[in-house]
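Now for the letters of each chain:
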Amino acid sequence: MESTGLSLPRHFGILLLLQMVTPSSEQFTVTGLQGQILAPLGGVVELSCQLSPPQSAEHMEIRWFRDRYTQPAHLYKNGKDLYGETISRYVERTELLKGAIQEGKVTLRIFNVSVDDDGQYHCFFRDGDFYEEAIREVKVTATSLEVQIHVHPPNIKGLLVECNSRDWFPQPQMEWRDSKGRVIPATSESHSQGVDKLFNMKMTLLLTQSSRENITCYLRNPVTGQEQRTSIALSDQLFPWNTIWIMTLSMILVLLLIFVMVPGVDLHRKLQNQQNGARCTRDCQSVTQCTGCSRKMKSPFVVGTGIILSSLCVISSLTSYLHHKSRVPASDPHFQLDAIWLEDVTMILCVLAVFITLIISFVYFRFRDLLQS
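The shown structure was predicted, so the numbers you read here are calculated from the model rather than taken from an experiment.

Counting residues in hydrophobic clusters, the biggest one holds 49 residues, and the most contacted among them are Trp64, Phe125, Trp176 and Cys217. Among the elements that make up this core, the one with the highest residue count is strand E16 (residues 199-207) (five residues). Sequence-distant contacts of Trp64, that is, excluding residues within four places in its chain, are made with Leu47, Ser48, Cys49, Pro72, Ala73, His74, Leu96, Leu108, Tyr121, His122, Cys123 and Arg136.

Tallying each qualifying case throughout the model produces six aromatic pairs. Between Tyr90 and Tyr121 the ring centres are 6.4 Å apart and the planes differ by 80 degrees, which places this aromatic pair in the edge-to-face class. Remark: Tyr121 occurs in strand E9 (residues 119-127) and Tyr90 occurs in the loop between strand E6 (80-81) and strand E7 (94-97); sequence separation between them is 31 residues. By the burial criterion, Tyr90 is buried, and Tyr121 matches it. Aromatic rings pair up to connect Phe65, Tyr69, Phe124 and Tyr131 into one cluster. Here the basic side chain of Arg66 rests over the ring of Tyr121, its NZ or CZ set 4.3 Å away from the ring centre.

This paragraph deals with the state of the cysteines. What the rule picks out here adds up to two disulfides. Covalent S-S linkage joins Cys163 and Cys217, the inter-sulfur distance amounting to 1.9 Å. Across the disulfide from Cys163 to Cys217, rotation about the S-S bond amounts to roughly -85 degrees, and the bridge is consequently left-handed. Taken as a pair, Cys163 in strand E12 (residues 159-168) and Cys217 in strand E17 (residues 214-220) lie far apart in primary sequence, 54 residues in all. Like Cys163, the residue Cys217 is buried in the burial classification.

This brings us to the sheet that holds E12. One open sheet holds the four strands; their spatial order is E11-E12-E16-E15, and the pairing between them is antiparallel. The sheet is open, and its two borders are formed by strand E11 (147-151) and strand E15 (188-193), each paired with just one other strand. Strand-to-strand, the axes of this sheet are offset by a mean angle of 15 degrees, without reference to chain direction. As defined by bridge partners, E15 adjoins E16 across six bridges and the pair is classed as antiparallel.

Before going further, it helps to spend a moment on the pattern of salt bridges. Side-chain pairs of opposite charge can arise whenever the charged atoms involved come near each other. In this structure the tally under the stated criterion is eleven salt bridges. The salt bridge involving Arg109 is made with Glu95; its shortest N-O contact spans 3.8 Å. A residue pair is termed long-range when its members are at least 10 positions apart, and Arg109 in strand E8 (residues 105-110) and Glu95 in strand E7 qualify at 14 residues. The partly exposed category is assigned to Arg109, whose relative accessible area is 23%. Judged by relative accessible area, which is 30%, Glu95 ranks as partly exposed. Salt bridges sharing common partners tie together Glu46, Glu95 and Arg109.

Omega for the peptide link from Ser52 to Pro53 comes to 0 degrees, which places this bond in the cis form. Position of Pro53 among the secondary structure elements: in the loop between strand E3 (45-52) and strand E4 (61-65). With omega at -10 degrees, the peptide bond leading from Phe169 into Pro170 counts as cis. Tracing the sequence through the fold places Pro170 in the loop between E12 and strand E13 (173-178). For Asn78, which is not glycine, the phi torsion reads 55 degrees and is therefore positive. Mapped onto the secondary structure, Asn78 falls in the loop between strand E5 (72-77) and E6.

Across the sheet, which stays open at both edges, the four strands sit in the order E14-E13-E17-E18 with antiparallel pairing between neighbours. Looking along the sheet, the strands with just one partner apiece sit at the ends: strand E14 (183-184) and strand E18 (227-233). Summarising the sheet, E13 and E17 pair through six bridges and their orientation is antiparallel. Paired with Met174 across the strands is Leu219, a residue of E17.

Turning our attention to the environment of Ile184. Looking at where Ile184 falls in the secondary structure, it is placed in strand E14. A C-alpha to C-alpha distance of 8.8 Å links Ile184 and Ile215, two positions 31 residues apart in sequence.

With that settled, the discussion passes to the environment of Asp118. Locating Asp118 in the fold gives a position in the loop between E8 and E9. Beyond its immediate sequence surroundings of up to four residues, Asp118 is in contact with Arg66, Val138, Lys139, Val140 and Phe169. In this structure the side chain of Asp118 is engaged in a polar contact, spanning 2.8 Å, whose partner is the backbone nitrogen of Val140.

Cut-offs used in this document
Residues numbered from 1 in each chain as written. Predicted model: local features only at pLDDT ≥ 70, side-chain atom pairs only at ≥ 80, totals over all residues. Heavy atoms only, no water. Core = buried A, V, L, I, M, F, W, Y, C linked by side-chain atoms within 4.5 Å. Buried < 20%, exposed > 50% of the residue type's maximum accessible area, 1.4 Å probe, protein only. Helix = DSSP H or I, 4+ residues; strand = E, 2+ residues; numbered from the N terminus. Contact = heavy atoms within 4.5 Å. Phe/Tyr/Trp six-rings, centres within 6.5 Å; stacked < 30°, edge-to-face > 60°. Lys NZ or Arg CZ within 6 Å of the ring centre and 35° of its normal. Disulfide = S-S within 2.5 Å. Pairing = 2+ DSSP bridges. Axes fitted to C-alpha atoms, helices over the stretch in contact; angles between N-to-C directions. Salt bridge = Lys/Arg side-chain N within 4 Å of Asp/Glu carboxyl O. Polar contact = N/O pair within 3.5 Å; in protein donor to acceptor, adjacent residues only side chain to side chain.

Now the structure itself:
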């Protein structure tokens, strides 16, 4: 019996020692909904996290922060919210919902969501020396309701169509589509960001012929899948340069036929008259002494046709070179000025080519007419 009485205090001592070593705070983990949380620009977003196993968190420190622990977006400590510890951009924009804090669940509500709120948030619980955290990810989204298509005045290069849309986040997918929904490669695509960090999109398309009934500017938010589109129908009247070029080349051809072939026909008629009214009575000694020797020279029709074809080839080559030479891209603000410059230069070169051709043909036929006299 004595040995048993002596062992009781020893057991009580061991139990007391175990209580002193065991931490007073119960260990836990922090959980929450998985995946991204979508937050509309200017709206409200709620981020929740939960202690597991469920237990009261009223006495704990609850801290929400972004990438730095010392810069909380919201801080709850000693049973109250410490708004003075919050970083400036979250002042008066957050609220900690504590309706279920007895079960270890809290929710951070963020008002007036901005682009800067996009990213990860740490939900941090501390109880004494023990702490745990979970990470939530917020994706801010903004979809513009306005998509504008602007058609520039037609020029020698074609018809420039421009699509603009502002206030997107994140950067949207942007493309042109034809009436059958097929993608049309854009001539250029660019974007910019303002102070609010929203994306302003711009896309251009240079059309050289009216082969499509209408075109559509299509934008899609890659996060939400929301789409916006605007279509425009293009008529043949927006492509006047096709008609202008046909008329210009026709006028050039008519001028060349009149001022090149008419002298050739006249010279040919004179040669025929000389051949019919005179005969060679002796061997040819020189070109000017016998019109029969004129057969050795090419027919005026052949020469006139050669001059016309050569002139058309020169005009076509110069025009093609100017049009296909890489100059100002369609996305450049000076594209329209460059197109106007190209129109003027092309017309001047065409006039010069015709004028030089007429001078050459006049000099040739005049000189040959003198030789045949």
